[in-house]
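# Observations on chain architecture
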2 protein chains.
Amino acid sequence: MSEAATALVDWGTTSFRAWACAADGTVLAERRAPDGLTGVRNGDFSGVLEGHLEAMGVRLGAPAVLCGMVGSRTGWVEAAYLAVPTRLDDLATQAIPVPSPARPIHILPGLAQRGAAPDVMRGEETQLLGVVAEGFRTGLVCMPGTHSKWVRLEEGAVTGFSTFMTGELFQLLRSGSILKQAVETDARPDSDDPAFAEGLAAGLSRPAEATNALFQLRAGWLLEGAVPQAQSARLSGLLIGLEFAGALARYGRPDRLALLASGPIAALYEAVATAAGLTLERRLDADHCVRHGLRAAVRLLHPDRSST
Amino acid sequence: MSEAATALVDWGTTSFRAWACAADGTVLAERRAPDGLTGVRNGDFSGVLEGHLEAMGVRLGAPAVLCGMVGSRTGWVEAAYLAVPTRLDDLATQAIPVPSPARPIHILPGLAQRGAAPDVMRGEETQLLGVVAEGFRTGLVCMPGTHSKWVRLEEGAVTGFSTFMTGELFQLLRSGSILKQAVETDARPDSDDPAFAEGLAAGLSRPAEATNALFQLRAGWLLEGAVPQAQSARLSGLLIGLEFAGALARYGRPDRLALLASGPIAALYEAVATAAGLTLERRLDADHCVRHGLRAAVRLLHPDRSST
């Protein structure tokens, strides 16, 4: 068995993921735990990290590269945002070293967009470094999620991005609003549901009427007997359609579009891209890309530890 | 002192308002209490009502007309929705009598819009009857609130309406979302705040980008030092602007527009109407109109009890 040459870590508010890699990038071990920042006691980030690395057989001295909220003001050591436009390679050159007797540790910074359209990301920038490493260096990248990001890449640099609160609005409206009963279901929204397509058409073509379309979810349930599973799918279609309408208004119709997603949400966004008449040039896995991004940072930070 | 000829009651989920009126419509007494439907014990609607009417000196036998959620399925007696288009006079002719040994009691129905743009109202229809009684019989009526209504009137009939979840979204985003810290303030949104105007411009002119504009409230607070009072005003402007954009998309620019509001929200909506280049033909008080609507219903239901 090869010895782990580096450790790659994506450390968020509620989750911890790490990979032990050989010098050639081969993944030797993987670890996923609910040890997000909020669960770290007495600020003992080092103890949590070293416990996981030891369990993966990463020896002392092997460098670790971290990304995610661990670099925020409320994390381990703050890695201040890089201002866009910025080359993604700068994530490595501007990484913040964390003093540790155990090993060289770096935290990659997030990105900030200042000015008239202020925006921030922390974690997604590392996925983008992975997207660039995958060869998609110019074009628009759609990254669905609680806070979906749309990112304009030009020759390996981020030149602009926009966050849409799609996933959070979906959860907020489902759990805390007058729509609750109308959309309450355990079923995931399904892109094959005609109600998803109807919600989507409303979001794409009549975005100004979105807050009325929301109330219609309740009225349709009250008056027309629409079932919660359909109304939930309609809500999902509406919010994702609204996101696409907004992204297209902001960035125009892209010549090149990549979708970076994992799990069921990928199918929903693919359906929306098709309905919006967009061609997906690349479909990339978010988990895969964050690992590739961390690996790309390792190559830049520790060229001696990387054989590829 | 004149004797009360009729009792007018607006009975909602969380509030109870009643007026005792002389035959000529003069208000002899007014009563406001937190006795909403949710506080009625063992279904004793009659006991709650009679207690308030007795306290106002309304004698047994004097008729009462009620509107609001008291006529919903979870209220006293269901007064099924009237389907639009409908003349507002039909609120009286279709009112539901409630059996009572104390007096003649009627509950006015709500309105429902079936079909492609399902919608409902209960309570606002009585305000609209008051608007018509005030002489505004044709035009668009804007009724701000938790669930803002925009209503098209033609010759005293409602021919269409749309509900926008503006107020509820404002509360939901303030209290339960990632925007909470960025917009947390006790100060009411102020239409003179430049941030209100900026949010408004975004909502009116770039409605598709609304869910991105929401996230910008947090990013602007994080990055640009925008204070919560400004971000709260910006959020308010954004959501109201979005509502106007939607209403104008749905109904076109109105020749005649009336604003039906009470309290501080009236000033916000007036500012938005002006910014959207709309002329308010009438500014009506919502409290006043619900009373006028109930009074108009009394005149139709009990012509013998009304001297005007």
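Structural data are supplied above this passage.
Now for a description of the structure that goes with this document. (Residues numbered from 1 in each chain as written. Chains lettered and ligands numbered in written order. Predicted model: local features only at pLDDT ≥ 70, side-chain atom pairs only at ≥ 80, totals over all residues.)

## Remarks on the pairing of strand β4 (residues 64-67) of chain B
All names here are of chain B. What counts is decided by this rule: Working definition of burial: number of other C-beta atoms within 10 Å of the residue's own, with buried at 20 or more, exposed at 12 or fewer, and partly exposed in between, all C-beta atoms being placed from the backbone. Going along the chain from the N terminus, every DSSP run of H or I of four or more residues is numbered as a helix, and every run of E of two or more is numbered as a strand. A pair of strands is considered paired only if DSSP assigns at least 2 bridges between the two.
Neither face of β4 is open: one carries Ala64 and Leu66, the other Val65 and Cys67, and all of them are buried. Pairing between strand β1 (residues 6-11) and β4: 4 bridges, direction parallel. Within the sheet, the bridge partner assigned to valine 9 lies in β4 and is leucine 66. Taken together, the 3 bridges between β4 and strand β8 (residues 105-107) define a ladder with parallel strand orientation. Within β8, the position partnered with leucine 66 by the bridge is isoleucine 107.

## Some thoughts on the sheet that holds β1 of chain B
Residues and elements named next belong to chain B. This is how it is decided: Orientation is described by axes fitted as lines to C-alpha atoms, over the contacting stretch for helices, and by angles from 0 to 180 degrees between their N-to-C directions. A pair of residues counts as a contact when their C-beta atoms, built from backbone coordinates, are separated by no more than 7 Å.
An order of β3-β2-β1-β4-β8-β7 is seen for the 6 strands of this open sheet, with the pairing classed as mixed. Each edge of the open sheet is held by one strand with a lone partner, namely β3 (27-33) and β7 (96-98). Put simply, the sheet's adjacent strands are angled 20° from each other on average, direction ignored. Bridge count between β7 and β8: 3 bridges; the pairing is antiparallel. Within the sheet, the bridge partner assigned to valine 98 lies in β8 and is isoleucine 105. Across the sheet, helix α10 (residues 286-301) touches β1, β2 (16-21), β4 and β8, and the angle it forms with β1 is around 130°.

## A word on the environment of threonine 274 of chain A
For threonine 274 of chain A, the position within the fold is in helix α9 (residues 264-275). Expressed as a C-alpha distance, the spacing of threonine 274 of chain A and alanine 117 of chain A, which sit 157 residues apart in the sequence, is 28 Å.

## Digging into the interface of chain B and chain A
Spelled out, the test is: Ten residue types, Ala, Val, Leu, Ile, Met, Phe, Trp, Tyr, Cys and Pro, are classed as nonpolar, four, Asp, Glu, Lys and Arg, as charged, and the remainder, Gly among them, as polar.
At the junction of the two partners, chain B supplies 39 residues and chain A supplies 39 residues. At the level of secondary structure, the elements contributing two or more residues to the side of chain B that touches chain A comprise β10 (119-121), β13 (157-164), α4 (166-176), α7 (210-223) and α8 (228-251) of chain B. Per-element tally for the side of chain B that touches chain A: the top contributor is α7 of chain B, with 10 residues. Looking at the side of chain B that touches chain A residue by residue, the classes come out as 20 nonpolar, 11 polar and 8 charged.

## What about the relation of the copies chain B and chain A?
The operation relating the pair of chain copies consists of a rotation about an axis and a translation along that axis. Using the following cut-off: Here the copies are matched by least squares. The fit uses the C-alpha atoms of residues with pLDDT of at least 70 in both.
Between the two copies, chain B and chain A, the superposition gives an RMSD of 0.0 Å; the rotation angle is 180° and the shift along the axis is 0.0 Å. Within this description, the copies of the chain are treated as partners about a two-fold rotation axis. The share of interface residues of chain B whose copies in chain A are also at the interface is 100%, consistent with both copies meeting through the same surface.

## What to know about the environment of leucine 169 of chain B
Summarising the element assignment, leucine 169 of chain B is placed in helix α4. Separated by 113 residues in the primary sequence, leucine 169 of chain B and arginine 282 of chain B place their C-alpha atoms 27 Å from one another. Dropping the residues within four chain positions of it, leucine 169 of chain B is found in contact with Thr211 of chain A together with Leu239 of chain B.

## So, the packing of helix α8 (residues 228-251) of chain A against α9 of chain A
Residue and element names in this part refer to chain A. Going by this rule: Here the angle decides the label: under 35 degrees means roughly parallel, over 145 means roughly antiparallel, 65 to 115 means roughly perpendicular, and every other value means oblique. Two helices cross in a left-handed way if the nearer one is turned anticlockwise from the farther one by less than a right angle. They cross in a right-handed way if the turn is clockwise.
Between α8 and α9, the least distance of the axes is 10 Å, while the angle of their chain directions is 60°. Classified by the angle between their axes, α8 and α9 sit oblique to one another. Here the hand of the crossing between α8 and α9 comes out right-handed. In this structure, α8 contributes Ser236, Ile240, Gly241 and Phe244 to the contact, and α9 contributes Leu268, Tyr269 and Val272. Its residues assigned to classes, the contact of α8 with α9 comprises 5 nonpolar, 2 polar and no charged.

## A closer look at the packing of α7 of chain B against α8 of chain B
Residues and elements named next belong to chain B. Relative to each other, α7 and α8 sit at 175°, their axes nearing to 10 Å. In terms of orientation, α7 lies roughly antiparallel with respect to α8. Judged by residue contacts, Ala210, Ala213, Leu217, Gly220 and Trp221 of α7 engage Gln231, Arg234, Leu235, Leu238 and Leu242 from α8.

## Describing unusual backbone geometry
The omega torsion of the bond from valine 84 of chain A to proline 85 of chain A falls at 0°, within 30 degrees of zero and hence cis. Residue placement: proline 85 of chain A occurs in the loop between β5 (82-83) and β6 (86-87). Positive phi, close to 55°, is recorded for asparagine 42 of chain B, a residue that is not glycine. The topology assignment puts asparagine 42 of chain B in the loop between β3 and α1 (45-55).

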